[in-house]
Protein chains: 2
Amino acid sequence: MEINSDRLWSRIQALGEIGRTKEGGVTRFAFSSEDRKATDQVMEWMKEAGLQIYTDSIGNIFGRRNGLEEGASVLIGSHIDSVVNGGKFDGVAGVLSALEVIQVLEENNEHTKLPIEMVIFVNEEGSRFPGGLMGSMALAGRLPKDIVDTLKDSEGITLREALNEFGLSPDKIKEAHCTKGKFEAFFELHIEQGVVLEDQNVPVGIVNGIAGPYQLVVEISGRSGHAGAIPMYLRRDPMVVAGMAIQEVERSAIEEGETIRGTVGKIEAFPGGHNIIPAKVEFTVDYRDIDPENRLRAVNRLKNFIERQCKKRKLQYKIITTQDTPPTILDQRIVNFMEETAEENNISSFTMPSGAAHDAMNMHSLCPTGMIFVRSREGLSHCPEEYSSKEDLTEASSLLLHTVIRTANGILEKIKS
Amino acid sequence: MEINSDRLWSRIQALGEIGRTKEGGVTRFAFSSEDRKATDQVMEWMKEAGLQIYTDSIGNIFGRRNGLEEGASVLIGSHIDSVVNGGKFDGVAGVLSALEVIQVLEENNEHTKLPIEMVIFVNEEGSRFPGGLMGSMALAGRLPKDIVDTLKDSEGITLREALNEFGLSPDKIKEAHCTKGKFEAFFELHIEQGVVLEDQNVPVGIVNGIAGPYQLVVEISGRSGHAGAIPMYLRRDPMVVAGMAIQEVERSAIEEGETIRGTVGKIEAFPGGHNIIPAKVEFTVDYRDIDPENRLRAVNRLKNFIERQCKKRKLQYKIITTQDTPPTILDQRIVNFMEETAEENNISSFTMPSGAAHDAMNMHSLCPTGMIFVRSREGLSHCPEEYSSKEDLTEASSLLLHTVIRTANGILEKIKS
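Residues numbered from 1 in each chain as written. Chains lettered and ligands numbered in written order. Predicted model: local features only at pLDDT ≥ 70, side-chain atom pairs only at ≥ 80, totals over all residues. Heavy atoms only, no water.

## Brief notes about the overall build of chain A
Step number 1: When you go through chain A residue by residue, the secondary structure sums to 13 helices and 16 strands.
Step number 2: Its C-alpha radius of gyration of 24 Å places chain A within 12% of the 22 Å reference for a compact globule of 417 residues.
Step number 3: Principal-axis analysis of the C-alpha atoms places the extent of chain A at approximately 80 × 45 × 40 Å.
Step number 4: Looking at the 417 residues of chain A, the share that counts as buried comes to 61%.
Step number 5: Here the analysis covers contacts within chain A between residues at least 6 apart in sequence; of these, 79% occur between residues at least 24 apart. (Helix = DSSP H or I, 4+ residues; strand = E, 2+ residues; numbered from the N terminus. Rg over C-alpha atoms; globule rule 2.2 N^0.38 Å. Buried < 20%, exposed > 50% of the residue type's maximum accessible area, 1.4 Å probe, protein only. Contact = heavy atoms within 4.5 Å.)

## Overview of the pattern of salt bridges
All names here are of chain A.
Step number 1: Applying the stated rule across the entire model yields 48 salt bridges over all chains.
Step number 2: In this structure, the salt-bridge partner of K280 is E219, at a minimum N-O distance of 3.9 Å. In this pair, K280 sits in strand β12 (residues 280-289) while E219 sits in strand β7 (residues 212-221), placing the two residues 61 residues apart along the sequence.
Step number 3: Owing to a relative accessible area of 25%, K280 belongs among the partly exposed residues under this scheme.
Step number 4: Assessed through its relative accessible area of 15%, E219 is described here as buried. (Salt bridge = Lys/Arg side-chain N within 4 Å of Asp/Glu carboxyl O.)

## Structural notes on the domain arrangement of chain A
All names here are of chain A.
Step number 1: Taken as a whole, chain A is organised into domain 1 (5-210 + 327-416) and domain 2 (212-324).
Step number 2: Computed from C-alpha atoms alone, the centre-to-centre distance between domain 1 and domain 2 is 37 Å.
Step number 3: With eight residues of domain 1 at the interface, the matching set in domain 2 holds nine residues.
Step number 4: For the pair domain 1 and domain 2, the summed buried surface comes to about 640 Å²; carbon and sulfur atoms form 66% of the total.
Step number 5: Of all residues in domain 1, P327, P353 and G355 give up the largest surface area on contact with domain 2, accounting jointly for 66% of the area buried on that side.
Step number 6: The tally of links from domain 1 across to domain 2 stands at zero salt bridges.
Step number 7: At the boundary of domain 1 with domain 2, the tally comes to two residue pairs in polar contact (both at pLDDT 80 or more). (Domains from an automatic or database assignment. Buried area = accessible area lost by both parts, 1.4 Å probe. Polar contact = N/O pair within 3.5 Å; in protein donor to acceptor, adjacent residues only side chain to side chain.)

## Considerations on the relation of the copies chain B and chain A
Between the two copies of the chain lies a rotation about an axis combined with a shift along it.
Step number 1: Note on the copies: chain B fits chain A at an RMSD of 0.2 Å, the axial shift is 0.1 Å, and the rotation between them is 180 degrees. This pairing of chains is accounted for by a two-fold axis. Among all residues of chain B, the minimum C-alpha distance to the rotation axis is found for B:G243, at 1.9 Å.
Step number 2: Both copies contact each other with a shared surface, as 100% of the interface residues of chain B are interface residues in chain A too. (Least-squares fit on C-alpha atoms with pLDDT ≥ 70 in both.)

## Points about the environment of B:K47
Step number 1: As for its placement among the helices and strands, B:K47 is situated in helix α2 (residues 33-48).
Step number 2: For the pair B:K47 and B:G63, spaced 16 residues apart in sequence, the C-alpha separation works out to 8.5 Å.

## Overview of the side chain of B:T394
Residues and elements named next belong to chain B.
Step number 1: Along the chain, T394 turns up in helix α12 (residues 390-408).
Step number 2: The class of T394 is buried, set by a relative accessible area of 16%.
Step number 3: Look past the residues within four positions of T394 in its chain and what remains in contact with it is I3 and S5.

## Side note on the packing of helix α1 (residues 5-15) of chain A against helix α12 (residues 390-408) of chain A
Relative orientation and spacing of two packed helices are given, respectively, by the angle between their axes and the distance between those axes.
Residues and elements named next belong to chain A.
Step number 1: For the pair α1 and α12, interaxial distance at closest approach is 10 Å and the crossing angle is 115 degrees. It follows that α1 is roughly perpendicular to α12 by the angle criterion. The element α1 and its partner α12 pack so that their crossing is right-handed. When α1 is examined against α12, the residues S5, D6, L8, W9 and I12 are found in contact with a partner set consisting of K390, L393, T394 and S397.
Step number 2: A per-class count over the contact of α1 with α12 returns four nonpolar, three polar and two charged. (Axes fitted to C-alpha atoms, helices over the stretch in contact; angles between N-to-C directions. Parallel < 35°, antiparallel > 145°, perpendicular 65-115°, else oblique. Left-handed = near helix turned anticlockwise from the far one by under 90°. Nonpolar A, V, L, I, M, F, W, Y, C, P; charged D, E, K, R; others polar.)

Here it is as structure tokens:
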């Protein structure tokens, strides 16, 4: 039984034409006409594969293939909405590989014990309605209260209005919440969006955890003045401590754990003149790890460092925590079982954490969850240059196929006992 | 013979009402109606002091008091234009202390051998027409060719149009260029705009040189990526090297000489997302020193540092020199003579370089030039909080008075011989 590599590839290309930008990227926001056109196209293919299609109250689209027995179904899928001028693989690869897996089973007349369902999660990117991961949050019962009225797009349109316009029922979104027994397992295939697999020279990743972001905004204030008029020994320059803190973010990430990442992505000086010592420098810090203790150690180390340096140089500082999401550790038995499946099918794989957030984070609270990564070229993502090769997509889809067959035939039940 | 402290102070306050902002500062651009109103007021006081008023083709205003003999005149003065929401002392203190000096001589019937003139330099700040120091550049014959047509304000109005509207003759601005023998000497009193005098607990500064700015724009480029998806060991993050370079600017300024100053006043990361490793970081560097060799050593040290770090981390960089103005070293004989004058008159003074640029830089090319600084509160300048006390202004004006008397009675001739 083999993945139809050409079909998978040509469908990815075809979907990339819907919402295509002049730079060759894709802009396809949730609840837009492009989103509607793209889901209509995928549903047409789903029908071709013999799936029973249904949607839930938040707009997630499901396609079901019955099993030989009644019972919890094995869920596979991802999303097809995009960021502004994003790539054509992010999300799409996961949805179309799920479809491909089911269609191959159908064509080979291969019937599994448990039902298999595929899903197109709604608004994963949060490009129009911020936050994202909306479809999986709804399944997991994690949507914030009153979200339909409080969440607005940049034009002030509420989620309620958008859902109504899309033919959905905003007052019923809670009905999307699934019971814990509904799914036997969830598997998501996704492009890596990083450079680890490329560096390891391996096409497929098996994800053992999803790092949780801990984000800070740091403000350091000192004494402004003319760049020429204030001698070095009389300065209270916040820029110098900002420079030191940037390095401390790197050092702490390297030294406090193997999987931790620390980034300063944004910085601004005020008033920001080339001949003015800044009065204030503001920058963001993003730490991520699958190990919450390492992450906390790095955060505290940075806070202490900034405190010490500011005291030494008579500066003031303010550190605001803007996000503190716990990491998601995937079930080690799922990881082991996927590693075995890869080995048995001669699929070269590398086990690694995911640095980016995914719908799998929410699904993990509902059922055993696994993720498969596909090697990305140069780690480029959320841009027109995003690329994964046909061969790598085929390898990863093949691992998904064999993982799904074994799960739908009851492997998890055996592992548990 | 004494400075009329109350008159000087009340005139500074009165001028601070012209172009006053709601924050208590002053906005008075060159060639504006506020500028016109303020110069009209000063000219009224100049007449009261018995001065013969004339203007040159660029708009500098002069007031002359004849000497007992014909000959080169001793020139004193500064400017009265301001930055946006600036302070009421910058420039104004120099113009009104010059007026005060001449008025005191007049009231005491004290006649000097050489004529004394005061000047209000036009467009020192460059707030409307960039560049500034325009009046003194015209005297020194340093105006760029075609400046009347090439220089425009933010609304696209050319200097030619502004000069015409102000009743001046744009085609004749070259006539403002003075011959070398016209002035015996030039002295400018100005607020310090720094914290050296405050730190030294001394009211008056004698300036021994004006630091020249050497300004750079540094661009460091690496590889962007998701803050979560790229492990530390696979990063090529320009932000970290920017952080190191900021510290190297400080270190090089401290270590390469006593009078050098190094500042990073502006920084930006691209694309600038809190969860994105920057593709590029851009920042400005401003080095100043009265010693050009120290300055060059610091610049080269920084360039080498950036080159080394970028090579090590596989980053690209671009360093653009945006300004390279040589320092102005004031004549040591002038400095000595002013130090003596201060001592003889019991004026507590401290000899120091100026970090900021002044009209004195241009005048230095025409005649022996000296500068007197007045202590600034907390080094604040170009803001409503700018302040120098009545007592300090009086002390500094007193030094100006005695310096002018001695110069106008031929001290320089004696020193030279």
